[in-house]
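Listed below are the residues making up each chain.
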Amino acid sequence: MRLNILAFAAGILLLQWQPALPSIGAWLMLGGLLLLLAWRWPTRSVKALALLGCFLFGFGFACWRAEIRLADELPTAWEGRDIELVGVVASLPQDFSHGTRFEFEVEKTLTTTAVVPPHIMLSWYQGRGDEDSAERLIVKPGERWKFTTRLKRPHGNANPKAFDYEVWLLERGIRASGYIRANPPQLLADMVWSPNYLLERLRFKVRERLLSVLPAETYPLTGILVALAIGDQKSVNGDLWTTFNRTSTTHLFSVSGSHITLVAALFAGLVGWVWRRVPVLALRLPAQRVALLAGCLMAFIYVFLAGFGVPAQRTLYMLLVAALAVSSGRILAPSRILCLALLVVLLIDPWAVLAAGFWLSFGAVGALLYVGSALVGEGRGWRDQVRAWGVLQWTATLASLPVLLLIFQQFSLVSPLANALAIPVITFIVTPLALLGAVLPWWPILLVAHTILGWLMIFLEWCAVWPVWQIPAPPLWAAVTAAIGVAICLLPRGMAGRGIGLVMLVPVVFWPVAHPPEGSVQITVLDVGQGLSAVIQTHAHTLIYDPGPLYSAESDAGQRVVVPYLRTLGVNQIDMLMVTHRDSDHAGGLASVQSALAVDEVRSSMPEIPGQRCESGQRWVWDGVTFEVLHPSAEAYEANPKSNHLSCVLMVEAGGRRMLLTSDIEAPDEVALLARHSGKLTADVLLVPHHGSRTSSTPAFIEAVGARDVLIPVGYRNRFGHPKAEIVARYETAGPRIWRTDRDGALSVALGEEKIELSAWRIEHKRYWQGR
């Protein structure tokens, strides 16, 4: 059974790597089902055929589910148009700096002929501009509203090794997103009675109560209590996640298996204790069975209250399978229970295999079961208990190592110490108090929980200062090899070959940093939405050309895109950060980059930023690659124009090949460049000025550059309408290939040795859900 379930999971995983959905999903399912009929036959050949059948069935099942999910789509013709909708707020609303975001279940489309998916994500912007003094309307789960909306198809930034927002939306069944227009929304019903809406309203009330008892302004750790009570991780302050990541304690501050198991065990013990003391009840039904049912019921309630995440699902299904086995009198091996839980998770959510939490959750539990079986029956003295605890900590740490390095490129060296204290404090003290405080209206319970958290955070912040092991993103084969090595390392004492496991860990732990050859340069224009950020790497130097846009008061491209990308490269130090001008779509990520990375030098046209002013005539050579600033001139600074006219223009040359990066210059600046540097503007690759605005890209400038490839950094369906159709047509007439970050994702340019290579992330790593 276990091998068959693993083969089924492998088929699902293979489907998620496909660039397009195969058209033979139904046939694969049929063939898989036929082969499954033979899996109990005694011959080995038929059993091997059954494994193949399970694999094909998993592949076909995932394909079938994907076809159904993708069939709900917003037609391209209805993107960006006003659509009147009636529906219900279907999730816990999340506030951000200028409004609220929530999932919306569409009940009725009032706009004639409009086709809208049944489940969408809406943002309601309130309190911006002239409305800053207006009172923000509060949205509650379960309310029925009439909205005028503008929607777009699922789309997210596409960068190397980055979070895939599009598949995140697909997994949750969100097939369009958009915002609410200024037309006055109408509240049609205060509550639509449905189990899902009722649950979300309950979560909303618990969150409101916790935040009212311990306001976040006075009690900064209240968000952690909210996360532990109802699974709302977005309530946690962003700075705290940095501490959790550096100490590898993130798993403790979301509802995970240990929390659910503890709550279920406590409730089961309480019910069993009461049941045994009522003779009539004890004679009717055994207390053990009642306690088991009560524990499962409590686990079910807590999991749904916490938002039904993958770690919580895994624990719930394991508890239910174990409960069924005990109730039926059968004894199931822990590995069988884990595999059955895996099967249920994938049947409900075949996209779970794409989440890091899936691999961390099942991998850690599988390793603990693998090692825990060897600890059964050992001594019960305190020394033996401490030793067993240490073995389990070592097991969990080692098991998570390949996944953490593959996905996050870092591993906390102090993780075992931090978790040794944090696990018992969070699991046995803070979580029960948070749940008790959510149920009982007595504020001292929550205050005690917050105080204990404060003491724990002092310890974790001390641990966070310790170094973190960081490497470039290793290849998949290195992580798989390391996972096998972990299994070998965890073999029982006395078995030969355990040292081989440590050798198999070497590639993933010590994966080297890749550098362009001497005399070559790698330029990556990141997909940051409507804005610009490019990373330029030579053999031994790194330059950031703009840190990207500010998205909101809570996030920016530096935090979400630039720093994570540099981490995948193994880069922790920046030789130069060039901030081309003041606009927030170029400079918005500055603070995040400077706080996360060591920056040797800053050049900018902004006098308020400490560092050197970028100015025409500046020239330097790194590793055989020439850099030259062509704009702005000293005279441009004296004229004190608007910020676009002071954009730093950079020419990069390697091996006789050149790329011109122009930021947001406009037509007058192009004229000035033609006058000052008419012989220096020729380039093989051009970063299109001002995102393709009609204020730039004059015919004379395009002709003078003569690029064969032009790159347009632009956000999907941005509010400026960039790039303008006439500008795109102008470049098409000139003849170069046109690349766009909104369509092609991050764009990579390699220059050197009289050659040039361009690639696009979406093209090189196409997945079936992109653009759907």
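Bear in mind that the values here come from a model prediction, so they are computed numbers and not experimental data.

## A look at the overall build of the chain
Part 1 of the argument: Within the chain one finds 27 helices and 26 strands.
Part 2 of the argument: A compact globule built from 772 residues would reach a C-alpha radius of gyration of about 28 Å, and the chain, at 29 Å, matches this within 12%.
Part 3 of the argument: Taking the principal axes of its C-alpha atoms as reference, the chain extends roughly 100 × 70 × 60 Å.
Part 4 of the argument: Within the chain, buried positions represent 52% of all 772 residues.
Part 5 of the argument: A fraction of 70% describes how many contacts in the chain between residues 6 or more apart in sequence connect residues 24 or more apart.
Part 6 of the argument: Approximately 35,100 Å² of the chain is accessible, and the part contributed by carbon and sulfur atoms is 62%.
Part 7 of the argument: Charge centroids of the chain, computed over 65 positive and 60 negative side chains, lie 13 Å from each other.

## Regarding the side chain of Arg69
Part 1 of the argument: Relative to the helices and strands, Arg69 is located in helix H3 (residues 44-71).
Part 2 of the argument: For the buried Arg69, no salt bridge exists, and the shortest N-O distance to an oppositely charged side chain is 6.1 Å, to Asp72.
Part 3 of the argument: Within the local environment of Arg69, its side chain forms a polar contact with the backbone oxygen of Glu171, the two atoms lying 3.2 Å apart.
Part 4 of the argument: Leaving out residues up to four positions away in the same chain, Arg69 has contacts with Leu170, Glu171, Arg172, Gly173, Arg175 and Trp351.

## Considerations on the state of the cysteines
Part 1 of the argument: Applying the stated criterion across every chain yields a total of 1 disulfide.
Part 2 of the argument: The residue that forms a disulfide with Cys614 is Cys648, at a sulfur-sulfur distance of 1.9 Å. Residues Cys614 and Cys648 are joined by a disulfide whose S-S torsion is about -65 degrees; by sign, that bridge is left-handed. Note that Cys614 is positioned in the loop between strand E17 (612-613) and strand E18 (619-622) and Cys648 in the loop between helix H22 (634-639) and strand E20 (649-654), a separation of 34 residues in sequence. Taken individually, Cys614 and Cys648 each receive the classification buried, so the pair is uniform in this respect.
Part 3 of the argument: Residue Cys296 stays outside any disulfide, its sulfur separated by 19 Å from that of Cys339, the closest cysteine.

## With respect to the nonpolar core
Part 1 of the argument: Counting 84 residues, the largest nonpolar core has Ile224, Phe244 and Leu460 as its most contacted members.
Part 2 of the argument: Those residues in contact with Phe244 that sit more than four places away from it in its chain are Ile224, Val236, Thr249, Thr250, Phe253, Met457 and Leu460.
Part 3 of the argument: Judged by nonpolar contacts, the second largest core, of 35 residues, contains Tyr545, Met659, Val685 and Ile756.

## Brief notes about a nonpolar patch on the surface
Part 1 of the argument: On the surface, a nonpolar cluster with roughly 600 Å² of combined accessible area is contributed by Phe267, Leu270, Trp273, Val274, Val278, Val280 and Leu281.
Part 2 of the argument: Mapped by element, the contributors of at least two residues to the nonpolar patch are helix H8 (257-276) and helix H9 (279-284).
Part 3 of the argument: Within the secondary structure, Val278 sits in the loop between H8 and H9.

## A few points about the pairing of strand E24 (residues 737-740)
In summary, the side chains of a regular strand alternate between the two faces of the sheet.
Part 1 of the argument: The sheet contact formed by strand E23 (residues 709-712) and E24 spans 4 bridges and is parallel. Its bridge partner being in E24, Ile712 is matched across the sheet by Arg740.
Part 2 of the argument: Handedness of the crossover joining E23 and E24 through helix H25 (residues 725-734) is recorded here as right-handed.

## Some words on the UniProt feature "domain: Metallo-beta-lactamase" (unreviewed entry) in the chain
Part 1 of the argument: The sites that UniProt annotates as "domain: Metallo-beta-lactamase" (unreviewed entry) are residues 530-716.
Part 2 of the argument: For residues 530-716, helix accounts for 25% and strand for 28%, while the C-alpha atoms at its two ends are 7 Å apart.

## Focus on the packing of aromatic side chains
Part 1 of the argument: Under the defined criterion, the tally for this structure stands at 25 aromatic pairs.
Part 2 of the argument: Geometrically, the ring pair formed by Phe358 and Trp359 is edge-to-face, given 5.2 Å between the ring centres and 85 degrees between the ring planes.
Part 3 of the argument: Of the residues examined, Phe358 reaches a relative accessible area of 4% and is grouped as buried.
Part 4 of the argument: For Trp359, a relative accessible area of 37% corresponds to the partly exposed category.

## A few points about helix H7 (residues 238-247)
Part 1 of the argument: Considered for burial, the residues of H7 that qualify are Leu240, Trp241, Thr243, Phe244 and Thr247. All buried residues of H7 project into a common sector of 160 degrees when viewed along the axis, lining one side.
Part 2 of the argument: Buried residues along H7 sit against helix H6 (222-230), strand E8 (410-412), helix H15 (415-439) and helix H16 (443-464).
Part 3 of the argument: Where H7 ends, the next residue or the one after it, Ser248, has phi of about 55 degrees, a positive value.

## Some words on the sheet that holds strand E16 (residues 602-604)
Part 1 of the argument: Ordered in space as E17-E16-E14-E12-E11-E10-E25-E26, the 8 strands form an open sheet in which the pairing is mixed. Edge positions in the open sheet fall to E17 and strand E26 (755-760), since each of these has one partner strand only.
Part 2 of the argument: In the packing of helix H19 (residues 557-569) onto the sheet, the strands contacted are strand E10 (521-525), strand E11 (533-537) and strand E12 (542-547), and the crossing angle to E12 comes to about 165 degrees.

Quick notes on the rules
Residues numbered from 1 in each chain as written. Predicted model: local features only at pLDDT ≥ 70, side-chain atom pairs only at ≥ 80, totals over all residues. Heavy atoms only, no water. Helix = DSSP H or I, 4+ residues; strand = E, 2+ residues; numbered from the N terminus. Rg over C-alpha atoms; globule rule 2.2 N^0.38 Å. Buried < 20%, exposed > 50% of the residue type's maximum accessible area, 1.4 Å probe, protein only. Contact = heavy atoms within 4.5 Å. Areas by Shrake-Rupley, 256 points an atom, 1.4 Å probe, with all protein chains shown as cover. Lys, Arg positive; Asp, Glu negative; His and termini not counted. Charge placed at Lys NZ, Arg CZ, Asp CG, Glu CD. Salt bridge = Lys/Arg side-chain N within 4 Å of Asp/Glu carboxyl O. Polar contact = N/O pair within 3.5 Å; in protein donor to acceptor, adjacent residues only side chain to side chain. Disulfide = S-S within 2.5 Å. Core = buried A, V, L, I, M, F, W, Y, C linked by side-chain atoms within 4.5 Å. Patch = residues over 30% accessible without salt bridge, like charges linked within 9 Å, V, L, I, M, F, W, Y side chains within 5 Å. Pairing = 2+ DSSP bridges. Right-handed = clockwise from strand over helix to strand, strands pointing away. UniProt positions renumbered as here; feature names shortened; annotations may be inferred. Phe/Tyr/Trp six-rings, centres within 6.5 Å; stacked < 30°, edge-to-face > 60°. Arc of directions from axis to C-beta. Axes fitted to C-alpha atoms, helices over the stretch in contact; angles between N-to-C directions.

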